[in-house]
Amino acid sequence: MDATTLKEIEETLAQLTLEEKISLLAGKDFWRTVPLPEKQIPSIKVSDGPSGARGDTFSGGQKAAFFPSGILMGATFNPELAYETGELLSEEVRAKSASVLLAPTACCHRSPLGGRNFESYSEDPLLSGKMASGYIRGVQSRGIAATMKHFVANEQETWRLYVDETIDETTLREIYLKPFEIAMREGQPWAIMTAYNIINGVHCDSHPLTLKQVLRGEWNYEGLVMSDWFGCNSMVESLLAGLDLEMPGPARKRPIKEFVEAAEKDESVRKAIDDSARRILTLIAKVGKWKDMTPEAPEYSRNDPETGKLIRRAGGEGTVLLKNEGKTLPLQPGSLKKVAFIGPNAKATVAGGGGSANLEPNYLTQPYETFVTAIKEINGDIEVPWVQGCIIDRWVPNIDVEGGFCRVGGPDSEAGLFLEWFRGYEATGEPVATTVFKTSNAFLWDSRPTSISPSEEFSVRFSGQISVPEDGKYNISLSTITASKLYLNGELLIDNWDFKERGNLMMNVGSEEVVKTIELKKGEWYPILVHNSSIWPKDSPRDPPMEEIGALGIRLGVAPVYDNAVLIAEAADAVKDADAVVIVVGLNNEWESESYDRSDTKLPNNQDDLIEEIAKVNQNVIVVNQSGAPVDMPWAENSNVKAIVQAWYAGQEAGHVIADVLLGKQNPSGKLPLTFPIKVQDNPSYLYFPGRDQKVEYTEKLMVGYRYYDTENVQTRFPFGYGLSYSTFSIGEPSLSTAELTEGQTFTANVDVSNTSNVAGAEVVQLYVKRPASTSSIKRPVKELKGFKKVHLGTGETATANITVDDKSLGIWSTEAGKWVVEAGDYEVLIGTSSVQDELKPAGKITVKAAWSWI
Ligand code: BGC
């Protein structure tokens, strides 16, 4: 930042009263900082993150580009690609008139069950840190701030606001702090978001070790630290630990009057207030808003074709080909007469996981339709039947508003549901505000009209008319955060006024879904109305932050009743004579989401049965799995399952990416950024995840993911770093730039990689280090990833991959010394294209003659 702005920041700070400075230390509202117009301090706006920029409306907001999930990006092993996505993400943020993106999510996966695994990159800290750095550099290269989150050790969603994690310092530093440490150096995020959880008895927003000693102290971080939403747990402690900004606003833990009193008594508090206010002003300047008092522009959707292309390319680079017997893939349309598409995700638009990473996408694509379109372009003759096969809805699906089955007032009216806000519980009289909702999933925690205070009685009516495509039995469902009743045809159908149980819907605060089954007729229009008041049913579990902000939420579902056994039998019958069957299975944003963890790793709702049954009648089965974390694949060895594609969540281009890979329009080059265990019980954290009584012990210590499977020789379904290609590659003999390492130096491994096929593709060269026997008492992994390089090669091309490792990368945290130490001894360097031990080539030894240490 230039010297003039720095000087102006100091001058402005000097002019602020204590009250004004304190007012800056909490948000103005859900997504904005507090402005002080008379001092020329504007409000800046923040937006989630990480798969796009959602803007200031949690549900039903402006459309935005939906980027691939973090886990898919992790599988690309390509930080420069993360940089490119970051550049375009910054344009998305601007289109939402925001200056700060609440991303990337960069915590390491501890268990395959973690609900937010899909958002983050890997079970490996180096890969996570490098990918996060690329993302941050890209976003910030165009003047938008990135917010690396959640600092730190946010590996589970169960009891996420108050789970107390026991983690030893070596593990905390070497695994969970590591991605942040790397990104501090290489990405330099302008903002950091603290995690909700407690580590060793102290909440992360007030943590002296992680925030004060490590982040502010050892790493000299001068950027802004904000809390996660409602994750600021104290006034003075959090400030003194280094938390600058409580989010969202208005202040809950930082009320001005009490804060002033605390500051008047204590000079260190006044000093910390100055420091935090300065960091807020500095962020405003960094994002180019210094003294910019122009009113905030309305949000808009870019829907930019270049962004779509990049998302599609990233999708191909992150897709992992897990099995490909007899070169089944790519499909050769000329030799195929009939390719059947089945499975729950075949015609579904599965773009990402659930929670704050979700957004209203510009558009969505589904595998079946994009495949049909692509195949027609190549060979008009081929038959591509679709059969459902099985359904995996966890809850009754939202009403199909876009399909026109819900309109505000009968057949010819606007598609949508009419939302009216009222004072008082009764939802009668003149509405205070009205709007039309394009979805029946209305999480209303940030859209209450400002004229209604959260502490007064209020209510909404959510109404419209619904119709159905066929006569039949339908499930109608309702979940709400507060007391509600649903009327169909003017009659009370669901009484959810006094509910007692909460479920996972609406970030874990929605009631358990109540379902009623009724007959509906095609061609009829049925008036539907939900009356939802702000009353918290007295016997339901409380949620103080949601109560305080007056959160409402309504989710309405309507869908035909189904029987998976019948659907599987129908599919098996239909695919007997197909030349190939593509089964698209997986999870979606109901099964994987912020706010809750998965309970197991099985593919839900009979999907394994579907695959087994299809493999009994057809010998050319291709399974495409969409998930953001490992799922069990008990059919992986079935000889009729010829190919398996791990497609993750590829955002708005998910359908195109799958079709591209199936047809060879893109050569998949993803590698697994995590291990697929045979079963979840094999995972080292299994017995201690998610813990008990709101406490969890990280008992496996450093043995996270492949570190454990390798060290203990536990067989996996698919190992870390593994992934096939349509190309074939050969790896030459690796060599090292030096045989000895001293403090401040680096070493480089060089290896030739050749594409020995006639298909262009990319290979990921991975460098693992086996360290000498350690003096530290903690059990150490047999090897660890210390570097990687993705090499794109045309047919017959050869390139040299150079992977440089710095001196610090060999350090281990010594609890005894309270320092990082590079121990003396011989370090073996191994090079390969996956973590599989037998396939790695020795590059040589690096000798450290004398140990050194640092803090
Ligand atoms: C999430 C954050 C997110 C914030 C705002 C929280 O629940 O943990 O990642 O940025 O909400 O939506």
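Each chain carries its own residue numbering, running from 1 in the written order of its sequence. In keeping with the model being predicted, local features are shown solely for residues with a pLDDT of at least 70 and side-chain atom pairs are shown and tallied solely at 80 or more, while totals for entire chains, interfaces and linings include all residues. As a rule here, side-chain values come from all non-hydrogen atoms in the structure, and water together with hydrogens is ignored.

Let us now look at the environment of Glu-222. With respect to the helices and strands, Glu-222 occurs in the loop between α8 (208-218) and β8 (224-226). Expressed as a C-alpha distance, the spacing of Glu-222 and Val-765, which sit 543 residues apart in the sequence, is 35 Å. Once you skip the residues sitting within four places of it in the chain, Glu-222 turns out to touch Arg-216 and Arg-279. Polar side-chain contacts of Glu-222 include one of 3.3 Å to the side chain of Arg-279. The helix and strand labels rest on DSSP assignments: H or I over at least four residues marks a helix, E over at least two residues marks a strand, and numbering proceeds from the N terminus. Any two residues whose heavy atoms approach within 4.5 Å are treated as being in contact. Any pair of N or O atoms that falls within 3.5 Å is considered a polar contact. Within protein, one atom must be able to donate a hydrogen and the other to accept it, and sequence-neighbouring residues count only if both atoms are side-chain atoms.

UniProt positions are given in the numbering used here, feature names are shortened, and annotations may be inferred rather than shown by experiment. As recorded in UniProt, the sites labelled "domain: PA14" (unreviewed entry) are residues 412-572. For residues 412-572, the helix share is 12%, the strand share is 43%, and the end-to-end C-alpha distance is 40 Å.

Below, the discussion takes up the packing of helix α5 (residues 125-140) against helix α7 (residues 178-186). Between α5 and α7, the least distance of the axes is 8 Å, while the angle of their chain directions is 35°. The chirality of how α5 crosses α7 is right-handed. Facing α5, whose interface residues are Pro-125, Leu-126, Ser-128, Gly-129, Lys-130, Ala-132, Ser-133, Ile-136 and Arg-137, α7 presents Lys-178, Pro-179, Ile-182, Ala-183 and Glu-186. Grouping the constituent residues of the contact of α5 with α7 by class yields 7 nonpolar, 3 polar and 4 charged. Only the contacting stretch of a helix is used when fitting its axis, a line to C-alpha atoms as for every element, and angles between N-to-C directions run 0 to 180 degrees. Left-handed describes a crossing whose near helix is turned anticlockwise from the far helix through less than a right angle; right-handed describes the clockwise counterpart. Residues are grouped as follows: Ala, Val, Leu, Ile, Met, Phe, Trp, Tyr, Cys and Pro are nonpolar; Asp, Glu, Lys and Arg are charged; all remaining types, including Gly, are polar.

We define a salt bridge as a side-chain nitrogen of Lys or Arg found within 4 Å of a carboxyl oxygen belonging to Asp or Glu. Throughout the structure, instances matching the rule amount to 62 salt bridges. Between Lys-39 and Glu-20 there is a salt bridge whose closest N-O contact spans 2.7 Å. Residue Lys-39 is located in the loop between α2 (18-23) and β1 (46-48), and its partner Glu-20 is located in helix α2; the two are separated by 19 residues in the primary sequence. Like Lys-39, the residue Glu-20 is buried in the burial classification. Each residue is assigned to one of three classes by its accessible area relative to the maximum for its type, calculated with a 1.4 Å probe on protein chains only: buried under 20%, partly exposed between the two thresholds, exposed over 50%.

This part covers the environment of Gly-316. Among the secondary structure elements, Gly-316 is positioned in helix α12 (residues 305-318). Counting along the chain gives 354 residues from Gly-316 to Gly-670, while the straight-line C-alpha distance between them is 7.6 Å. What Gly-316 contacts, discounting residues up to four positions off in sequence, is Val-657, Gln-666, Asn-667, Pro-668, Ser-669 and Gly-670.

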